[in-house]
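Results of the structural survey
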Amino acid sequence: MSATTEEDKKRKDPPAVEEEASKKAKSDAEKEVDDAVDKRPALNSEVCFYGVDTTLNVFSGMSNKVLMALTEGGMQHLLAGARANVGVKSGRYFFELKILESLSPAEAAQGRGPQPRQVLRLGFSTASSPLLLTDSEESAYFEADGFFVTGKTRLKKSHPISRENVIGILLNLDASSPLANTMSMFRDGIRVSDPQPLPENLKGKALFPHVTFRHISLQLNMGPSPLKALPFQCRMLQSAAKADVEVSPDPSLAGKFEVLVPVGIPDEGTFDWLDGFLQKNPHYVELSDRKIQDWAARSGMPKPKVAGACNDKPSFTYNVPSMDDGSLQRVMKSITPMVPRNYVVMEVKSNLVKEERMETLKRFNTPNFKKVALVVMGEPDIQFKQKSYTALLVEKQARLDTEWKAKKAAAKRQKELQEMRRKADEQRKKKLEEAKKKEEGETKDEETEMKEEEVKKEEVKQEKDEDDGLGDEPPKAQLTDAEKKKVFRGAVNDLAPTTLSKFLHQFTLPEKAEGFDEVKFLWDAAPKCKEYLRKWVLEAKRMTLIEHLQPAPEFTSKFMAWQKQQLEWQQKQNFWKAKPKTDEAKALEVNASLDIFSVEDVNDIHEGEPLFAHFEAADWALLQLRYELYLLQDAFKKDVNDPDRSAIPEPHLSFYYQRYFKKQLSPGIFSLKNNTELLQMIKDVVILSGEPPVLTSQLGAESLESPDIFVKFTEEARRERKRRAEAGDETSTLRYTPPAANAPPPPARPMQQWQPAPRQTPRPNSQWQGGGG
């Protein structure tokens, strides 16, 4: 044979190989026979994809024959899913699919981060299955690369498919067929997979055509005529007998769609209630950041793990610009009103704030939406409690099981250790006895030795049979009365602390005047919910830091004026100390009889002597602390401007002191343990009072106009300590350690006069040697 003939044969071989493979596949599927004539009434509904049965990023065209997905604003990273409205209950039917358009993953990525790959999955699912074909037990499907997936089982069962192919998916539920309850895939009319058995949980259920895709556009053909005929006569789904199928009702005929806005207390069962509601009402779509993250996870994107995240606004750190910058949420808000379906807008903070509720309602301000507020607060209903108790019981049982297994393993290790020690002791004793026999020449009769061996075996048996006291099974968990009071679970907070503190004062109950068609109270009646929210807000205000609070300009100006005044007083003290004293005896007499609070000028009580003449470092520190804490409580009240938060709680004192004065409140500089002890030293100005204790002023508001009063209180306290010290009270001595910031700076080096750098005369014919530039 010539070379040319050999090459021609090679060129002709691939089709021949393909034909041979086709014949082999056809011979393997010979059990599939042609359909018999069916005179039963045919399906009179169009097989299509309702909007409620597609993910939010799916758009259909050409009378539901073309499916496309959004590829902007982060949507390009999410899978798209669509389930048809007609499901097969019996008989044998198929549908076809072809890839019309393929988008390059590199183009779809639009920036840094992971590049989403193309995906195509096609098969059947139940009416209650998730809209994405993933690892659900309610679906069975083929993947484009040839894998067949049922639940968590994924096996290579088919040849891969490409853009040019027409793909047919055959579902055989004909009980009289030897291939009943199987699914097969065909490529351009040729079988590319053996009939794959359906899992047991799908048998006897209506199964609906279902596709999931990404970065491609699809052409769907439900019949009646195929694009590529199968090797045997088989009807397409559009030609099915009416008795063999189940048709989902058209949601547009049911009237208005509902937009539900749940309003609940943060961390009091908000998302637990939602999970229970969606379980009972799967036709509602949750709109929340939590659901977007779940969608992304089902699309193959790892869920970000960031400390401090909350349920309402979880962290979006996917390293994908269009997802991390909020573009995905903005696209979702734009498209949801255009895709009519039942929604649950789950935004814990936004649903509690009137202005944000009204913004949500504006998006759905069309006649086909009914807007309903659901107030879920107060005493939960019995169903919620039972579900919560069940979950708590499961968690407690899991903890008990883990503890029991750990104790059981420890007891086993202890017993094994004791057995090793016993054997070692026996060996040691045996060697000693043998050595003793040899030395004394004694011998025991066989009967005595046998008795001793039996005694040892009995002792070992008793040790092995000894019970560890843990039993054969873990203890059964039971909820205590205290645990039953914890109806609301959750390891992650619903709101971030900064969000809660910023919007807490804006939390209100919804009203119809905001634009709702109806306001429902699911747990408690309206008056009880209103009172419940009021008490909760009051308690939350007491416990929550206002992290966004910033000092007002009034505070800044007053504090700067105070610092200037204090510096002037210290300079006057230094001037007085350096001044020669003329009549010290008279000065002592005046000081002894002085009524501190009747002094009109603290700068001069007698011949230029200031009232603060004898202040030491500790006195100046206490003087400043008095003014700072008085100014702090006054500024806090004005800046917050909330009658429910007019004073600083004792646990929050250090935070607000740091926020206003940019330094720490340190009891340690006076050798004290806590702020309570520190405030005892200046109780003439501020104290902790009330229950719970809050920072309270002892002075009137006019004290800020004349800061002399703080000098008078400080001098009075100094004189009192001096009297106590002279009386022998050792506890009156202040143990003060100046903070590092107030310690005297190291001596500065003598300043050198600036001199110009010496100029260098360039060498003749010198060349550039690099550097500079």
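Residues numbered from 1 in each chain as written. Predicted model: local features only at pLDDT ≥ 70, side-chain atom pairs only at ≥ 80, totals over all residues. Heavy atoms only, no water.

1. Side note on the overall build of the protein chain
What counts here: Think of it this way: any DSSP run of H or I at least four residues long counts as a helix, any run of E at least two long counts as a strand, and we number them from the N terminus. Relative accessibility thresholds used throughout: buried, under 20% of the residue-type maximum; exposed, over 50%; partly exposed, between the two (1.4 Å probe, protein chains only). Pairs of residues are marked as contacts when any of their non-hydrogen atoms sit within 4.5 Å. Using a 1.4 Å probe, the Shrake-Rupley method yields the accessible areas, and only the shown protein chains count as cover for residues.
Along its length, the protein chain carries 18 helices and 23 strands. In the protein chain, buried positions account for 41% of the 773 residues. Considering only contacts within the protein chain whose residues lie at least 6 apart along the sequence, 75% involve residues at least 24 apart. Only carbon and sulfur atoms are counted for the fraction: they give 52% of the accessible area of the protein chain, which is about 44,600 Å².

2. Structural notes on helix H14 (residues 584–592)
Note the following rule: Regarding the arc, it is the one traced by the directions from the helix axis to the C-beta atoms.
If you check which residues of H14 are buried, you get Ala 587, Val 590 and Asn 591. Taken around the axis of H14, the buried residues stretch over an arc of 100°, which confines them to a single face. Of the residues in H14, the exposed ones pointing more than 90 degrees away from the buried face are Ala 585, Leu 588, Glu 589 and Ala 592. Its buried side turned inward, H14 meets helix H18 (708–726).

3. Notes on the nonpolar core
Heads up, the condition is: Working definition of a nonpolar core: buried Ala, Val, Leu, Ile, Met, Phe, Trp, Tyr and Cys residues. They are joined through side-chain atoms within 4.5 Å.
Counting residues in hydrophobic clusters, the biggest one holds 46 residues, and the most contacted among them are Trp 569, Leu 623, Leu 629, Leu 632, Leu 653 and Val 711. Breaking this core down by element, the ones donating at least two residues are helix H13 (553–578), helix H15 (617–640), helix H16 (653–661), helix H17 (675–680) and H18. Sort the elements by how many residues they give to this core and H15 lands first, with 14 residues. Leave out the neighbours within four places in its chain, and Leu 632 touches Ile 648, Leu 653, Tyr 656, Tyr 657, Tyr 660 and Phe 661.

4. Some words on the confidence of the model for the protein chain
Where we set the bar: Values of pLDDT, ranging from 0 to 100, describe the predictor's confidence in every residue of the model.
Within the protein chain, residue pLDDT values average 85, and 86% of them lie at 70 or more. Across residues 747–773, confidence stays below pLDDT 50; counting only partners more than four residues off in sequence or on other chains, it has zero contacts.

5. Concerning the packing of aromatic side chains
Selection criterion: Geometry of aromatic contacts follows a simple scheme: Phe, Tyr and Trp rings, the Trp one being its six-membered ring, pair when their centres are within 6.5 Å, and the pair is stacked under 30 degrees between planes, edge-to-face over 60, tilted otherwise. Any Lys NZ or Arg CZ that is within 6 Å of a ring centre and within 35 degrees of that ring's normal is treated as a charge sitting over the ring.
All chains considered together, the criterion is met by 31 aromatic pairs. Each ring, one from Trp 562 and one from Tyr 627, has its centre 4.1 Å from the other, and the planes form 5°; the classification is stacked. With Trp 562 in helix H13 and Tyr 627 in helix H15, the pair connects residues that are 65 residues apart, well separated along the chain. Considered together, Trp 562 and Tyr 627 belong to a single accessibility category, that of buried residues. Of the aromatic side chains, those joined through ring pairs into one cluster are Trp 562, Trp 569, Phe 612, Phe 615, Trp 620, Tyr 627, Tyr 630 and Phe 710. Here the guanidinium or amino end of Arg 154 rests over the ring plane of Phe 147, the centre of that ring lying 3.9 Å away.

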